[in-house]
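Structure assessment
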Amino acid sequence: MASMATASTSLQARPRQMATAVRCFSQGSRNNLSFTLRQLPTRLSVSCAAKPETVDKVCEVVKKQLSLKAGDEVTAATKFAALGADSLDTVEIVMGLEEAFDIEMAEDKAQNIATVEEAAELIEEILKEKA
C-alpha cells in the first residue's frame, strides 16, 4: 500500500512480497497453511511534473545559495529545511531562482515553496504563462 507524503510526488511503498511456497498440514482436526515469502522489487518511482532540466537548474541554484559542498545531494524531493535553510535562506533561494530563470514569482506563491520540486513546478507554471 502506498501512502502519499506530499501533494503530488513523494510516495512511499511498503515492500511487496510474494508467496513462493505453500504447505498444508493437519494436526488432528485442525488444518494449517504455511507460506514462504520472498521480497519483490518495488515498482514505484517518483516523478515530477517539471522538466528534468528545470529541476537540475533549481538544484544548482539551491546548492549555490546555501553554499553546499559538491558531494551534498539535492534532489527534487529535497526540502530546503532539511538542507539547513531558514526563512531568510528560502527568500534568497527564491531571488536566485528569479534571476536564473528571468522570472518574477508572486510573493504568496513563493512563500509556499518548501522543496526543489515545488520550486521547479512553480517555475514551469510561470514560464508557461510568460510564453
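Residues numbered from 1 in each chain as written. Predicted model: local features only at pLDDT ≥ 70, side-chain atom pairs only at ≥ 80, totals over all residues. Heavy atoms only, no water.

How we decide: UniProt positions are given in the numbering used here, feature names are shortened, and annotations may be inferred rather than shown by experiment.
Looking up the protein chain in an unreviewed UniProt entry gives the name Acyl carrier protein, with the organism given as Raphanus sativus. On record in UniProt, under Sequence similarities (unreviewed entry), the comment for the protein chain is "Belongs to the acyl carrier protein (ACP) family." The UniProt entry for the protein chain carries the following text under Function (unreviewed entry): "Carrier of the growing fatty acid chain in fatty acid biosynthesis."

Digging into the pattern of salt bridges
Put simply, the rule reads: Any Lys or Arg side-chain nitrogen located within 4 Å of an Asp or Glu carboxyl oxygen qualifies as a salt bridge. Each helix is a run of H or I in the DSSP string that is no shorter than four residues. Each strand is a run of E no shorter than two, and both are numbered from the N terminus. Partly exposed describes any residue whose relative accessible area lies between the buried limit of under 20% and the exposed limit of over 50%, with all areas from a 1.4 Å probe on protein chains only and scaled to the type maximum.
For the structure shown, the criterion picks out two salt bridges. Close ionic contact of Glu125 with Lys109 constitutes a salt bridge, the shortest N to O distance being 2.8 Å. Here Glu125 is found in helix H4 (residues 116-130), whereas its partner Lys109 is found in helix H3 (residues 107-110), with 16 residues between them in sequence. On the accessibility criterion, Glu125 (34% relative accessible area) is partly exposed. The exposure class of Lys109 is partly exposed, given its relative accessible area of 37%.

A word on the environment of Glu98
Stated formally: Throughout this description, a polar contact denotes any pair of N or O atoms lying within 3.5 Å of each other; where both atoms belong to protein, one of them has to be capable of donating a hydrogen while the other can accept it, and for residues adjacent in sequence the pair is counted only when both atoms sit in side chains.
Examined against the element boundaries, Glu98 turns out to sit in helix H2 (residues 87-101). In sequence terms Glu98 and Ile123 are 25 residues apart; their C-alpha atoms lie 8.6 Å from each other. At 2.8 Å, the side chain of Glu98 and the backbone nitrogen of Met105 are in polar contact.

Focus: H2
Counted only if it meets this: A helix is expected to reach a length of 1.5 Å times the quantity of its residues less one. Note on contacts: a residue pair is in contact if any heavy atoms of the two residues lie within 4.5 Å.
Here H2 spans 21 Å end to end across 15 residues, near enough to the 21 Å set by a 1.5 Å rise per residue. Restricting attention to buried positions, one finds in H2 the residues Thr90, Ile93, Val94, Gly96, Leu97, Glu98 and Phe101. For H2, the elements touching its buried residues are helix H1 (52-65), H3 and H4. Once H2 finishes, Asp102 follows within two positions and takes phi at roughly 55 degrees, a positive value.

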